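# Coordinates in review
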Amino acid sequence: MYHYVRELEETRYPEIKGLRKSEFRSQLKFIKENFNVVTMQQVLAALVGSEDLPTNAALLTFDDGYLDHFVNVFPVLFDEKLQGSFYPPLAPIKDRKLLDVNRVHFVLASAPVEKILETIKKFVDFWQERGSVSPFEKYYSEWAKPNRFDSAEIIFIKRMLQTALPESLREDLSQILFSKYVSSDEKAFASELYMDTHQAKMMVECGMHFGSHGDTHQWLNRLTLDVLHREIDNSLLFLKAIGAPCKAGEWTLSYPYGGWNDDVVCAVRQRGCALAVTTHVAQADLHRDDALLLPRFDTNDFPKTF
């Protein structure tokens, strides 16, 4: 699972958590020497029993539709005659809408954690006095839990801007932070951050696989059924527009944020999703795992220099 791939020191945001181009090339060399990189078509054929995968099969997946993937990843894969599976949400590609998750990434890359926490506390205190939210300390005790990549403070900031606060307040707070520390022009920023429809079409025409990552990159397991269905259906229309697989038994999905539940799995199964990947960390086993709940390793689980 890959996200940002860029020469970090040459960008305006060297603190963003990403993989340098040189590290990507080196990691790809490691993967090629230790695994057999397969296409999505091979994996789907293996799922229905019409083809066996080679030993140590590896599938390369890239989430969120970043321009990084067109500029820095696609040429390398094309030269190496390898396929990547790309999962862009619709809204950033078509409408140049900045995703909440990316607001958080670039705020964290642009401001000290202490300043961000200070702004969040002032915001929460303001709305807590008006009875709209819980006290800051309650949120902090519930959400400030470290994971294998981020400190407790970083996780707290991410959760406050992604799930903990009511949606309208999350949107307001993330826009306040982004405008204060990153840019006041979100549409222009989005135009620089994401690939566009023409670039996605070109990648499909050159053999890359494109799958669904929702319409607006929401936690699918937190949506009403109507909104969930709209997220999926709109993303399938986008796949059709760029010439990517969108028919039953052909299209694939990467759950935004790794968020799923039984309703989500049921909805994508009913629409003919052939394969879906989560953010659960493990080696996928097509004989053991549900094809709509396949785990993935993160790029950080493999050597960056080789």
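This text follows the structure it describes.
What you are looking at is a predicted structure, and each value in this text was computed from that prediction instead of being measured.

## Quick notes on the overall build of the chain
Per the secondary structure count, the chain includes 13 helices and seven strands. For the chain, the C-alpha radius of gyration of 20 Å lies close to 19 Å, the compact-globule estimate for 306 residues. A principal-axis box enclosing the C-alpha atoms of the chain has dimensions of 60 × 45 × 35 Å. A total of 306 residues make up the chain; the buried ones form 50% of that total. Look at the contacts in the chain between residues 6 or more apart in sequence, and 63% of them connect residues 24 or more apart. Counting every atom, the chain has about 14500 Å² of accessible surface; 50% of that belongs to carbon and sulfur. Charge centroids of the chain, computed over 35 positive and 43 negative side chains, lie 2 Å from each other.

## Brief notes about the environment of Phe70
Its location among the elements puts Phe70 in helix 3 (residues 67–79). We classify Phe70 as buried; its relative accessible area is 16%. Spatially, the C-alpha atom of Phe70 lies 9.3 Å from that of Asp196, the residues being 126 residues apart in sequence. Excluding anything up to four places from it in sequence, Phe70 contacts Pro75, Met195, Gln199, Met202 and Met203.

## A short note on helix 8 (residues 152–164)
Taking 1.5 Å of rise per residue, the 13 residues of helix 8 would be expected to cover 18 Å, yet its terminal C-alpha atoms sit only 15 Å apart, more than 12% below that figure. For helix 8, the principal kink sits at Lys158 and spans about 25°. Burial within helix 8 is extensive, with eleven of its 13 residues counted as buried. Residues of helix 8 that are buried: Ala152, Ile154, Ile155, Phe156, Ile157, Lys158, Met160, Leu161, Gln162, Thr163 and Ala164. Residues of helix 8 that are buried in the fold lie against helix 5 (100–110), helix 6 (113–129), helix 7 (136–143) and helix 9 (167–181).

## Some words on the side chain of Lys158
Looking at the element boundaries, Lys158 is found in helix 8. According to the relative accessible area criterion, Lys158 is buried, its value standing at 15%. Separated by 2.6 Å, the side chains of Lys158 and Asp150 make a polar contact. Those residues in contact with Lys158, other than ones at most four positions away along the chain, are Val104, Leu108 and Asp150.

## Some words on the environment of Arg269
Residue placement: Arg269 occurs in helix 13 (residues 262–270). On the basis of relative accessibility, which here comes to 45%, the residue Arg269 falls in the partly exposed class. With 81 residues separating them in the primary sequence, Arg269 and Ala188 have C-alpha atoms 37 Å apart. Beyond its immediate stretch of four places on either side in the chain, Arg269 contacts Asp290 and Leu292.

## Quick look at unusual backbone geometry
Even without glycine at this site, Lys81 takes up a positive phi of about 60°. Here Lys81 lies in the loop between helix 3 and strand 4 (85–87). Given a relative accessible area of 75%, Lys81 falls into the exposed group. The phi dihedral of Tyr257 is positive, around 65°, even though this residue is not glycine. Considering the arrangement of structural elements, one finds Tyr257 in the loop between strand 6 (252–254) and helix 13.

## Observations regarding the packing of aromatic side chains
If you walk through the whole model with that rule in mind, you get 23 aromatic pairs. When the centroid spacing of 6.4 Å and the interplanar angle of 65° are considered together, the rings of Phe30 and Phe35 count as edge-to-face. The exposure class of Phe30 is buried, given its relative accessible area of 16%. For Phe35, a relative accessible area of 25% gives the class partly exposed. Directly above the ring of Trp219 sits Arg222, whose terminal nitrogen or CZ lies 5.1 Å from the centroid.

## A few points about helix 5
Every α-helix winds through 3.6 residues per turn, so residues three or four apart in the chain are directed the same way. Val101, Asn102, Arg103, Val104, Phe106, Val107 and Ala109 are the residues of helix 5 that are buried. Those residues of helix 5 hidden inside the fold are in contact with helix 6, helix 8, helix 9 and helix 10 (186–193).

Calculation rules
Here the residue numbering is sequential within each chain, running from 1 through the sequence in written order. For a predicted model such as this one, the threshold for reporting local features is a pLDDT of at least 70, and the threshold for listing and counting side-chain atom pairs is 80 or more; totals across whole chains, interfaces and linings nevertheless cover every residue. Only heavy atoms go into the side-chain values, all of them from the structure, while hydrogens and water stay out. Note on conventions: DSSP H or I runs of at least 4 residues are helices, E runs of at least 2 residues are strands, and numbering of each starts at the N terminus. As a reference, a globule follows 2.2 Å times the number of residues to the power 0.38, and the radius of gyration itself is taken over C-alpha atoms. Each residue gets one of three labels from its accessible area relative to the maximum for its type: buried under 20%, exposed over 50%, partly exposed in between, using a 1.4 Å probe on protein chains only. Should any heavy atoms of two residues lie within 4.5 Å, those residues are counted as being in contact. For the area figures, the Shrake-Rupley method with a 1.4 Å probe applies, and any residue is considered shielded solely by the protein chains shown. By the counting rule applied here, Lys and Arg register as positive and Asp and Glu as negative, while His and the ends of each chain are not counted. A single reference atom marks each charge: NZ on Lys, CZ on Arg, CG on Asp, CD on Glu. One less than the residue count of a helix, multiplied by 1.5 Å, gives the span that helix is expected to have. The angle between axes fitted to the seven residues ending at a residue and the seven residues starting there is what we call the bend at that residue. Whenever a nitrogen or oxygen atom comes within 3.5 Å of another N or O atom, the pair is scored as a polar contact, on the condition that within protein one atom can donate a hydrogen and the other can accept it, and that pairs from neighbouring residues in sequence are kept only if both atoms are in side chains. Here a pair means two rings of Phe, Tyr or Trp (six-membered ring of Trp) with centres within 6.5 Å. Their orientation is stacked below 30 degrees between planes, edge-to-face above 60, and tilted elsewhere. We call a charge positioned over a ring when the NZ of a Lys or the CZ of an Arg lies within 6 Å of the ring centre and within 35 degrees of the ring normal.

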